[in-house]
Amino acid sequence: MIRLFSYRTLSSIKFETSLWVRGFSAQAARWNEQCDTYTETPMSFSEFSSHVYTTSLQNCIQNDDPRRATALHCEIIKKGNCLDLFATNVLLNVYVKMDFLSDAYKLFDDMPDRNTISFVTLIQGFVHSFRFVEAVGFFTRLHREGHELNSFVFTTILKLLMSMEWAELVSSVHACVCKLGHDTNAFVGTALIYAYFVCGSVDSAREVFCGIVYKDMVTWTGLVSCYVENGYFEEAMQSFSQMRIVGFKPNNYTFVSVLKASLGLEAFNVAKSVHGFILKTRYELDLYVGVSLLDVYTKSSNISDAQRIFEEMPKKDVIPWSLMIARYAQSDRSREAVGLFQSMRQAFVQPNQFTFTSVLQACATMEGLDFGKQIHGQVVKVGLDSDVFVSNALMDVYAKCGRMETSMELFEESPNRNDVTWNTMIVGYVQSGDGGKGMSLFLKMLEYQVQATEVTYSSVLRACASLAALEPGTQIHSLTVKTNYDMNVVVANGLIDMYAKCGSIKDARLVFEMMNERDEVSWNAMISGYSMHGLCVEALNVFEIMQQRGCKPNNLTFVGVLSACSHAGLLDQGKTYFKSMIEDYGVEPCVEHYTSMVWLLGRAGHLDQAAKLIEEIPSKPSVMLWRALLGACAIHNNVELGKISAEHILEMEPQDEATHVLLSNIYATAKKWQNVAYVRQSMKKKGVKKEPGLSWIENQGTVHYFTVGDASHRDMKVINGMLEWLNLKTRKAGYVPDHSAVLRDIEEDEKGRHLWVHCERLALAFALIKTPPGSHIRKRFHFLYEANGHRGVQLTDSFYTCTTTARQKLIKRSSNT
C-alpha cells in the first residue's frame, strides 16, 4: 500500500521529465559551446547502450570532469533517456560527487525505478553537504518503501549518526543489524566499532569485533584505534600483537594508533621497536606516521632523534613544521623554534594559525618583542589576526614584553574572546605588578559570564596577595567553592599564599589541611607563610612533616626553611639544614640561600663568619648578600665591616638610596656625626634623595596617608588623644622607649616625642578610631629585595586587634580634649 502511494503515475513522470530536460539541455548546450571536444558522443544516434554510457560517466567521476558528464547527460536525454537502473544510479553518483545536489535530487525524484543504491547514493550526498535532516528523511523513506537494508545502508546511517552526534542511537542500529544478520559482516562490523569508540563504549566495540567471522586488517585497526582513543593503551598494544600473530600487516593508520598507545604508556622503547617496523614497511614517508613519530620523540625529550626524523621526512606540508615549532616552544627552546620558523618560510611553506601560535609562544618566553612585531605583521597580512588562538598569543607576547597597553588594544579589538583571552590579560597585569587592573578585569570577566578556570583564580588570588586584599580574596575563595575549584591543587596553593600574605595564617593552614592532594608548592607556601609570620617553629614542623610524607624538598623549600631559622635566630639548626640541603638533597645553593645564611650568622653576631661565607661563594657576590651583611652590621653597630659592605654595594649600585641611609644610621648610632654629614653630603652630590617614610590606611574606600610628625589630617586631635592614651597605658605596663632608634643629634626628650609621632603610629591610632570593634587592622611592611638579578618590593603583613574597651576609653577621652 505504501508503494502505491509513493510512486507517481507514468504520465506525470513523463510530463515532469520533459520540463526538466529542456532546462538541462540548455545548460549542457552552453557547456558544449565552450569546449568542442565534448560534442563527441560514444556512438551514433541510432544506437543506445547503457553499458557504454555508464563507462563514460564513471570516467568523468575519476577524472573530475563535470562538463563532460553534463554533456553526456544531455545526449542521453536527447536519445530518449533509456538508461537502465544501474546506469541511472551511476549518473546520480556523478551529480553527488560533483556537489550538484539539487540536480541529483531532481534526477532521483524523476527516476521511474529506484533501489537501495539510489537512496544510499543520495543520502551520502546529503551527509557530505552537512544536510543531515534531509539525509535522515531519505533513510526513513528508504525503510518505508520496503527497500533492502544492506551493509551499505548500515554503514551510511552509522556515519550519519556520528556526524549528527546522535551516539545514543547507535545501539538501536546495532540491534537492527543483528536482527537482519549483518553483525558478522566485516564491513558493517568495522563501522559499528568506529561508532562505538566515538561513543566511548569500548566493551560494545569489543563484542562487535568478536562477532565478526572474517576479520580483515581494517577491522583490527578499528579495534586498536577504539582502545587508543578511549585510553585503553595496554589493550591496544595487546590487540596489535594479536593482529601480527594472525598474520595481518599493519597500515599507516594502525601505526599511528600504536605509536599513540606507546606514548600513552610512556613505553618509549616499544615505540622505537615500532619505529623499526615502520622503516621496514616504508611507512615513515607517510605524513601522519611521520608526525606521530615526531610526537613520540619530542615528548620523550629525545629532541635530537626527532630532528633526524624531521630532516628525513617530506616537509611540503605545514603539519610537521608546526609540530616541531610547537615542541621547541613548549620545551623552553624558544630560539630553535624561531629558527625553524624562519627555515619554514625559506622553504615557502605557508604557516597556519597553529604555527603562528607556537612561534608567538616562543617569542613571549624569550621576550622577543621585535621578532614578535614581525610575526604580528605577517599574521595581519594573511588575515589570521582575528583567529582567537593567534590573537591570544599576540596579547601574551606584548604582555610578557611589558607592553600591556598594546595587549589591551588587541584585547578590545578582538572579535572572538574565550577564557584564555581573559586569563592572558589578567595574568599579564598581575605579573607586571598591577594587581588592581587585574582584579578589575576579573570583575568584567564575571559580568560577561565567562567561566573562570584554575588559571584565573590562581592569578587573581596572587593579585589579592600582592595588594594584601583579604576581603576580595575571601570572596574569590567563595567563588572557587561554588565552582568546585577549591580542591584544585593550583587554586588551593594560591589560597594558601593569599591568606598567608594577608595575615590570616590560620585560614592558610585550614586550606592546607583540607587539600586532598598536595605538591611541593603546597608545602613551600605553608612553610614560607609561617616563616613570614615569624612562626618559625611551625614552619620547621611543616618541613619535617613534608619529609615524612615523602615529598622531596626543592630550592624554594630551603629558602623558606633558612628564612625561618633566620627570623628565630636558630643558628645551629640553620647550619644543619644548609648542610643537609647540599649533601642529602643535592640542591645547589643559590643567592637566596646564601643571603639567609649571611643574615643568620650576622644577626647572631658572627659577622666575621658571615663575611667569610661571602668570600667562599663560587660566583661573584651579589648586592643582596652585601645588603644582608650591612643590615647585620647595623644591628651590632660594626662600623668598619658596615663601611666595607656599603662600599661593595655602592660600587655595584652607586645610586642605591637604602645603602646610603643605612650607612648613615650606623654612623649615627656610633655618634660619628661627621661621618653622617659626609654621607649626607655624598648623597646630595650624587643626587640621591631619601624618600620620606609613609604609612597609609584604607577606610571605607578612602586611603589616608601619614608622614612623620604629620599634623595635616582633619582628625588630628582625636589621633593625638589616642596616642596619648596609648603612651600612658604602655608606660604603666613597663614600656621604655628605645631612643637609639632616633638617629638624630637631638635631646633625649625630643627623641621620645619623635617616636610617638612616627607615621606608622599615626596610621595605627587612626585605624583604632575608625575601624569597627573586633576588626583587624592590616599593617604592611615594605623592604627591598633582590632575586636573580631583579629588584622589587616584598610585602609582609601583621595584625592588630582593636578591643572594645580601648575604643570606648579613647572616644571618652577624645571628647574631653
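- Looking at an unreviewed UniProt entry, one finds the protein chain named DYW domain-containing protein and attributed to Acer negundo.
- Its UniProt record gives the protein chain the following Sequence similarities (unreviewed entry) comment, quoted word for word: "Belongs to the PPR family. PCMP-H subfamily."

## So, the overall build of the protein chain
Item 1. Assigned secondary structure in the protein chain consists of 44 helices and four strands.
Item 2. Looking at the 817 residues of the protein chain, the share that counts as buried comes to 47%.
Item 3. Restricting the contact set of the protein chain to residue pairs at least 6 apart, pairs at least 24 apart contribute 60%.
Item 4. Just so you have it, the protein chain exposes about 42600 Å², and 52% of that area is on carbon and sulfur atoms.

## Some points on the UniProt feature "repeat: PPR" (unreviewed entry) in the protein chain
Item 1. UniProt annotation of "repeat: PPR" (unreviewed entry) refers to residues 84-118, 216-250, 317-351, 387-417, 418-452, 488-518 and 519-553 when read in the numbering used here.
Item 2. Taken end to end, residues 519-553 is 74% helix and 0% strand, and its first and last C-alpha atoms sit 10 Å apart.

## Concerning the nonpolar core
Note that soluble globular proteins tend to have their nonpolar side chains buried in a common cluster.
Item 1. Core analysis: the largest hydrophobic core is formed by 209 residues, its most contacted members being Met-498 and Leu-629.
Item 2. Counting residues per element, this core draws most heavily on helix H37 (residues 623-636), at nine residues.
Item 3. Apart from the residues within four sequence positions on either side, Leu-629 is in contact with Val-598, Leu-607, Ala-610, Ala-611, Ile-614, Leu-641 and Ser-645.
Item 4. Counting residues in each nonpolar core, the second largest holds 14 residues, with Leu-723, Leu-762, Ala-763 and Ala-767 among its members.

## Notes on the side chain of Ser-645
Item 1. Structurally, the position occupied by Ser-645 is in helix H38 (residues 639-652).
Item 2. Ignoring any residue separated from it by four or fewer positions in sequence, one finds Ser-645 in contact with Trp-626, Leu-629, Leu-630 and Cys-633.

## Digging into unusual backbone geometry
Item 1. In this structure, Asp-332 is a non-glycine residue whose phi angle is positive, near 60°.
Item 2. Its location among the elements puts Asp-332 in the loop between helix H19 (318-330) and helix H20 (334-346).
Item 3. Asp-332 sits in the exposed class, given a relative accessible area of 66%.
Item 4. Here Ala-468, not a glycine, exhibits a phi torsion of approximately 55°, which is positive.
Item 5. On the basis of relative accessible area, Ala-468 is assigned to the buried category, the value being 7%.

## With respect to a nonpolar patch on the surface
Item 1. A cluster of nonpolar side chains, Leu-694, Trp-696, Val-703 and Tyr-705, forms an exposed patch at the surface whose accessible area comes to about 380 Å².
Item 2. Looking at the nonpolar patch, the elements that each hand over two or more residues are strand E1 (694-699) and strand E2 (702-707).
Item 3. Structurally, Trp-696 can be placed in strand E1.

## Remarks on the packing of helix H16 (residues 268-281) against helix H17 (residues 287-299)
What describes two packed helices is the angle between their axes and the distance between those same axes.
Item 1. Close contact between H16 and H17 brings their axes to 11 Å; oriented N to C, the two are set at 155°. One finds that H16 runs roughly antiparallel with respect to H17. The handedness of the crossing between H16 and H17 comes out as left-handed. Between H16 and H17, the contacting residues are Phe-268, Ala-271, Lys-272, His-275 and Ile-278 on the first element and Val-289, Leu-293, Val-296, Tyr-297 and Lys-299 on the second.
Item 2. Grouping the constituent residues of the contact of H16 with H17 by class yields seven nonpolar, one polar and two charged.

## Here's the deal with the pattern of salt bridges
Item 1. Under the defined criterion, the tally for this structure stands at 13 salt bridges.
Item 2. Among the ionic pairs, Glu-284 bridges to Arg-282, the shortest N-O distance being 2.8 Å.
Item 3. The class of Glu-284 is buried, set by a relative accessible area of 13%.
Item 4. Arg-509 is the salt-bridge partner of Glu-513, the closest N and O atoms lying 2.7 Å from each other. A residue pair is termed a helical-turn pair when its members lie 3 or 4 positions apart in one helix, as Glu-513 and Arg-509 do in helix H30 (residues 505-514) at four residues.
Item 5. Judged by its relative accessible area of 42%, Glu-513 is partly exposed.
Item 6. With a relative accessible area of 23%, Arg-509 lands in the partly exposed category.
Item 7. Sharing partners across several salt bridges, the network here consists of Asp-295, Lys-299 and Arg-327.

## Considering the packing of aromatic side chains
Item 1. Counted under the stated rule, the structure contains 16 aromatic pairs.
Item 2. Taken together, a centroid distance of 5.1 Å and an interplanar angle of 85° make the contact between Phe-310 and Trp-321 edge-to-face. Remark: Trp-321 occurs in helix H19 and Phe-310 occurs in helix H18 (residues 303-312); sequence separation between them is 11 residues. Across the pair, exposure class does not vary: Phe-310 and Trp-321 are buried alike.
Item 3. Taken together, Phe-543, Phe-558, Tyr-577 and Tyr-585 form an aromatic cluster joined through their ring pairs.
Item 4. One Lys or Arg, Arg-114, reaches over the ring of Phe-108 and ends 4.7 Å from the middle of that ring.
Item 5. The ring of Phe-411 is capped by Arg-417, whose NZ or CZ atom sits 4.2 Å from the centre of that ring.

## Thoughts on a negative patch on the surface
Item 1. Residues Glu-405, Glu-409, Glu-412 and Glu-413 make up a contiguous surface patch of negative charge.
Item 2. With respect to the secondary-structure elements, Glu-405 resides in helix H24 (residues 404-413).
Item 3. Judged by relative accessible area, Glu-405 falls into the exposed class, the value being 54%.

## Considering the packing of helix H21 (residues 353-365) against helix H22 (residues 369-382)
Item 1. Put simply, H21 and H22 touch, their axes get as near as 9 Å, and they point 160° apart. In terms of their interaxial angle, H21 and H22 are classed as roughly antiparallel. Where H21 crosses over H22, the two elements pack in a sense that is left-handed. Every residue of H22 that contacts H21 at Phe-356, Val-359, Leu-360 and Cys-363 is listed here: Phe-371, Gly-372, Ile-375, Gln-378, Val-379 and Val-382.

## Considerations on the environment of Val-661
Item 1. Mapping Val-661 onto the fold places it in helix H39 (residues 657-669).
Item 2. Judged by relative accessible area, which is 17%, Val-661 ranks as buried.
Item 3. C-alpha of Val-661 to C-alpha of Met-683: the two residues are 22 residues apart in sequence and 9.1 Å apart in space.

## Digging into the side chain of Arg-114
Item 1. Tracing the sequence through the fold places Arg-114 in the loop between helix H6 (101-109) and helix H7 (116-128).
Item 2. Using a relative accessible area of 9% as the deciding quantity, one classes Arg-114 as buried.
Item 3. A distance of 3.0 Å separates a polar atom in the side chain of Arg-114 from the backbone oxygen of Phe-108.

## As for the environment of Phe-268
Item 1. Along the chain, Phe-268 falls in helix H16.
Item 2. Between the alpha carbons of Phe-268 and Asn-302 there is a distance of 10.0 Å; along the sequence they are 34 residues apart.
Item 3. Excluding residues within four positions of it along the chain, Phe-268 makes contact with Leu-263, Val-296, Lys-299 and Ser-300.

## Things to note about the environment of Gln-378
Item 1. Within the fold, Gln-378 resides in helix H22.
Item 2. Taking the C-alpha atoms as reference, Gln-378 lies 9.7 Å from Pro-351; in sequence the two are 27 residues apart.
Item 3. Aside from chain neighbours lying at most four places away, what touches Gln-378 is Phe-341, Arg-345 and Phe-356.

## A few points about the confidence of the model for the protein chain
Item 1. Considering every residue of the protein chain, the mean pLDDT works out to 79; 84% of them sit at 70 or more.
Item 2. Taken together, the stretch residues 1-47 has pLDDT below 50 and engages in 64 contacts with residues farther than four places along the chain or on a different chain.
Item 3. Scored below 50 in pLDDT, residues 781-817 makes 90 contacts in the model with residues more than four places away or belonging to other chains.

## Let's talk about helix H31 (residues 520-532)
For the α-helix, the turn length of 3.6 residues means that residues three or four positions removed from each other point alike.
Item 1. Given a rise of 1.5 Å per residue, 13 residues ought to cover 18 Å, and the 18 Å separating the end C-alpha atoms of H31 matches this to within 8%.
Item 2. Where burial is concerned, most of H31 is hidden: 10 out of the 13 residues are buried.
Item 3. All of the buried residues in H31 are Ser-522, Trp-523, Asn-524, Ala-525, Met-526, Ile-527, Gly-529, Tyr-530, Ser-531 and Met-532.
Item 4. Positive phi shows up at Gly-534, right after H31, with a value of about 75°.

The rules behind each value
Residues numbered from 1 in each chain as written. Predicted model: local features only at pLDDT ≥ 70, side-chain atom pairs only at ≥ 80, totals over all residues. Heavy atoms only, no water. UniProt positions renumbered as here; feature names shortened; annotations may be inferred. Helix = DSSP H or I, 4+ residues; strand = E, 2+ residues; numbered from the N terminus. Buried < 20%, exposed > 50% of the residue type's maximum accessible area, 1.4 Å probe, protein only. Contact = heavy atoms within 4.5 Å. Areas by Shrake-Rupley, 256 points an atom, 1.4 Å probe, with all protein chains shown as cover. Core = buried A, V, L, I, M, F, W, Y, C linked by side-chain atoms within 4.5 Å. Patch = residues over 30% accessible without salt bridge, like charges linked within 9 Å, V, L, I, M, F, W, Y side chains within 5 Å. Salt bridge = Lys/Arg side-chain N within 4 Å of Asp/Glu carboxyl O. Axes fitted to C-alpha atoms, helices over the stretch in contact; angles between N-to-C directions. Parallel < 35°, antiparallel > 145°, perpendicular 65-115°, else oblique. Left-handed = near helix turned anticlockwise from the far one by under 90°. Nonpolar A, V, L, I, M, F, W, Y, C, P; charged D, E, K, R; others polar. Phe/Tyr/Trp six-rings, centres within 6.5 Å; stacked < 30°, edge-to-face > 60°. Lys NZ or Arg CZ within 6 Å of the ring centre and 35° of its normal. Lys, Arg positive; Asp, Glu negative; His and termini not counted. Charge placed at Lys NZ, Arg CZ, Asp CG, Glu CD. Polar contact = N/O pair within 3.5 Å; in protein donor to acceptor, adjacent residues only side chain to side chain. pLDDT = per-residue confidence, 0-100. Expected span 1.5 Å × (residues − 1).

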